[in-house]
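# Structural overview for review
Read off the chains here:
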Amino acid sequence: MGMEGCCSNKKVMEEEALVKKITGLAAAIGELPSLSPSPEVNALFTELVTSCIPPSTVDVDALGPDAQEMRARLIRLCADAEGHLEAHYSDLLAAHDNPLDHLTLFPYFNNYIKLSQLEHGLLARHVPGPAPARVAFLGSGPLPLSSLVLAARHLPDASFDNYDISGEANERASRLVRADADAGARMAFRTADVADVTTELAGYDVVFLAALVGMAAEEKARLVEHLGRHMAPGAALVVRSAHGARGFLYPVVDPEEIRRGGFEVLTVHHPEDEVINSVIIARKAAAPPPVAADGDVPVNMPMPAQCAVAVSRPCLGCACELGARAHQKMKEIAMEEMEA
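Everything numeric here is computed off the predicted structure, so don't read it as measured data.

## Digging into the overall build of the protein
Regarding its fold elements, the protein presents 10 helices and nine strands. Classification of the 340 residues of the protein by burial places 42% in the buried group. Sequence-distant contacts, at least 24 apart, represent 75% of the contacts inside the protein between residues at least 6 apart. Put simply, the protein shows about 17,800 Å² of open surface, and 55% of that area lies on carbon and sulfur atoms.

Have a look at this one:
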């Protein structure tokens, strides 16, 4: 057997061993009487995450039916455990006079620091221009660390609307900002199913979609399509996904589904450090302007997408140039009428 065949066999064996290990951990987690933080829960999830973080060639979408069923069940377990963990630490933080001064008590706080830095950096690089003024975070949970970190470190002038389907989660989250005047003024917590949020979406410059909002591929696709119908043209969408073995922990989002939802995919980034989530940066496509009978775009129509900066703001230079041309045309018409 040649070198290529040996490498191929080794790869298959490594992937099979990984799937077997993940399957065993999923079964053990599924047998736990509770997913609330405890030494046993913490140990199993630590082993699970440690197994999934290293770069892997496994394609979770190509797994057989049994493995796919196990993976779907495991992602739901991870979501439940994450909810319990965040609720536990949200309550712990709320016991302090100013909860925001103690966010480092959360054991994975540094991961949120790195993830928020990554997302903001990708946004600034691929959607340049003025910083967003209004931000929506869909699936913020009882411990909205992403919004808190983004607001404090990267978007100090932006307002944040945090959406979660759970009123209890929002009540917990709101307690964390009660003692901070700035965060309290800039953070709103709204209880709603994202599928029911419509007209409000048009008011945001950037929408963040949490990894566990829409856990099945079909559900995520419907959600992205919903966002595409209601977000403003030019607005940015940040979608959290997963890659390789990390797809056992979080849903994998196909960039083609983002495109089919009416967005232009600007970049897809797969971290290889302790930041688990992949990040997709997309922009809501601008509707093409109507064409007049003579083939020209009417002067009073919105600027084309290439004249936009940041999130659907008109290009000042293009607007001034267009205004000057229109003014000159009116002067020419007036001169012709006087000469006649």
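After that view, the rundown keeps rolling.
## Considering the packing of helix α4 (residues 109-126) against helix α5 (residues 145-154)
Viewed as axis vectors pointing N to C, α4 and α5 meet at an angle of 60°, and their least axial separation amounts to 9 Å. One finds that α4 runs oblique with respect to α5. Handedness of the crossing formed by α4 with α5: right-handed. Two secondary-structure elements touch here, α4 through Phe109, Tyr112, Ile113, Ser116, Gln117 and His120 and α5 through Leu145, Ser146, Val149, Leu150, Arg153 and His154. Of the residues in the contact of α4 with α5, the class split is six nonpolar, five polar and one charged.

## Describing the sheet that holds strand β5 (residues 236-241)
Strands sit in the order β3-β2-β1-β4-β5-β7-β6 across an open sheet of seven strands; the sheet is mixed. With partners counted over all chains shown, the strands left at the sheet margins are β3 (187-191) and β6 (263-269), one partner each. Each strand of the sheet is rotated relative to its neighbour by a mean of 20°, with strand direction disregarded. Across four bridges, strand β4 (residues 206-209) lies against β5 in parallel orientation.

The rules behind the values
Residues numbered from 1 in each chain as written. Predicted model: local features only at pLDDT ≥ 70, side-chain atom pairs only at ≥ 80, totals over all residues. Heavy atoms only, no water. Helix = DSSP H or I, 4+ residues; strand = E, 2+ residues; numbered from the N terminus. Buried < 20%, exposed > 50% of the residue type's maximum accessible area, 1.4 Å probe, protein only. Contact = heavy atoms within 4.5 Å. Areas by Shrake-Rupley, 256 points an atom, 1.4 Å probe, with all protein chains shown as cover. Axes fitted to C-alpha atoms, helices over the stretch in contact; angles between N-to-C directions. Parallel < 35°, antiparallel > 145°, perpendicular 65-115°, else oblique. Left-handed = near helix turned anticlockwise from the far one by under 90°. Nonpolar A, V, L, I, M, F, W, Y, C, P; charged D, E, K, R; others polar. Pairing = 2+ DSSP bridges.

Any link to function would need more than the numbers given here.
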